[in-house]
Amino acid sequence: MITANTVVELHYRMTDTDNQLIESTFDGEPVFYMHGKNQMLAAFETALSGHAAGDELLLTLTPEQAYGQPRSDALKRVPVKHLQGAKRWRAGMTAEVQTEHGPRKVTLVKVGKFMADVDTNHPLAGKTLNFQVSILSTRAATAEELAHGHAHAGGHCGH
């Protein structure tokens with residue numbers, strides 16, 4: 001049963017309200033996370049609490065439960081040299097920018113030679129998200145995982 005400090009292995013499919021695919025792990029590697037460590041959306045973790053390996057779930061998360069509503073004050077100007085993820089940039093592309101709070105995904109609104117206007121809202125802000133979840137396995141976190149604060153997929157740690 002999924003409780004705090006349980007390592008969960010799962011596949012998920014995420015779609016929007018028009019059933020357009022946003023992301024899926026079903027054709028690739030499953031996701032591993034440690035329950036209760038804020039590694040997934042809070043409402044997603046809450047919905048999985050108490051479930052077990054073999055369970056299949058359908059979840060719908062409102063924007064408030066997922067990435068929030070878009071903020072009108074989220075437009076920022078940053079130097080193009082700080083954008084990561086591509087060599088050439090144009091409006092509509094998603095980039096990553098390092099901030100004092102770690103990496104953050106941004107959407108380019110306008111790109112000049114040296115500066116870019118970016119929208120710092122999460123790309124999924126304002127969207128209701130539907131999830132199809134298949135829980136593959138659950139187990140108690142190891143002492144090493146607890147010390148590191150995250151699951152080690154396949155028993156290996158990447159640091």
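Everything here concerns the structure above.
Because the structure is predicted, anything quoted here is derived from the model rather than measured. (Residues numbered from 1 in each chain as written. Predicted model: local features only at pLDDT ≥ 70, side-chain atom pairs only at ≥ 80, totals over all residues. Heavy atoms only, no water.)

(A) Seen up close, the pattern of salt bridges. Per the stated rule, a full pass over the model turns up 3 salt bridges. Here Asp-73 and Arg-71 are joined by a salt bridge, their closest N and O atoms 3.4 Å apart. Close ionic contact of Arg-77 with Asp-117 constitutes a salt bridge, the shortest N to O distance being 2.8 Å. Highlighted residues: Arg-77 in strand E5 (residues 75-79) and Asp-117 in strand E8 (residues 115-119), separated in sequence by 40 residues. Take Asp-117: its relative accessible area is 14%, and that puts it in the buried class. (Salt bridge = Lys/Arg side-chain N within 4 Å of Asp/Glu carboxyl O. Helix = DSSP H or I, 4+ residues; strand = E, 2+ residues; numbered from the N terminus. Buried < 20%, exposed > 50% of the residue type's maximum accessible area, 1.4 Å probe, protein only.)

(B) The packing of aromatic side chains, seen in detail. Tallied over the full model, the rule gives 2 aromatic pairs. Here the aromatic rings of Tyr-12 and Phe-131 are separated by 6.2 Å at their centres, their planes lie at 55°, and the arrangement is tilted. Of this pair, Tyr-12 sits in strand E1 (residues 6-15) while Phe-131 sits in strand E9 (residues 129-140), and the two are 119 residues apart along the sequence. On the accessibility criterion, Tyr-12 (11% relative accessible area) is buried. Judged by centre distance (5.2 Å) and plane angle (70°), the rings of Phe-44 and Phe-131 are edge-to-face. (Phe/Tyr/Trp six-rings, centres within 6.5 Å; stacked < 30°, edge-to-face > 60°.)

(C) Quick look at the environment of Lys-110. Tracing the backbone through its elements, the reader meets Lys-110 in strand E7 (residues 102-111). Classification of Lys-110 as exposed rests on a relative accessible area of 53%. Residues Lys-110 and Ala-91, spaced 19 residues apart in sequence, show a C-alpha to C-alpha distance of 5.3 Å. Beyond its immediate chain neighbours, meaning those up to four positions away, Lys-110 contacts Met-115, Ala-116 and Asp-117. (Contact = heavy atoms within 4.5 Å.)

(D) Geometry of the pairing of E8. Note that E5 and E8 share 5 bridges and pair antiparallel. By the bridge assignment for E8, Val-78 is matched with Ala-116. In this structure, E7 lies alongside E8, joined through 4 bridges in antiparallel fashion. The partner of Val-111 across the bridge, within E8, is Ala-116. Hairpin remark: E7 followed by E8, antiparallel, with 3 residues in the connecting loop. (Pairing = 2+ DSSP bridges.)

(E) Expanded view of the environment of Val-133. Looking at the secondary structure, you find Val-133 in strand E9. Owing to a relative accessible area of 0%, Val-133 belongs among the buried residues under this scheme. Remark: the alpha-carbon pair of Val-133 and Leu-10, spanning 123 residues in sequence, is separated by 6.9 Å. Not counting the four nearest positions on each side in its chain, Val-133 is found in contact with Leu-10, His-11, Tyr-12, Phe-44, Leu-48, Asp-55, Glu-56, Leu-57 and Leu-59.

(F) A look at unusual backbone geometry. Here Asn-5, not a glycine, exhibits a phi torsion of approximately 70°, which is positive. On the secondary structure map, Asn-5 appears in the segment before E1. Positive phi, normally seen in glycine, also occurs at Asn-38, with a value near 55°. Its place among the elements puts Asn-38 in the loop between strand E3 (31-34) and helix H1 (42-48). Asn-38 gets classed as exposed once you look at its relative accessible area, which sits at 70%.

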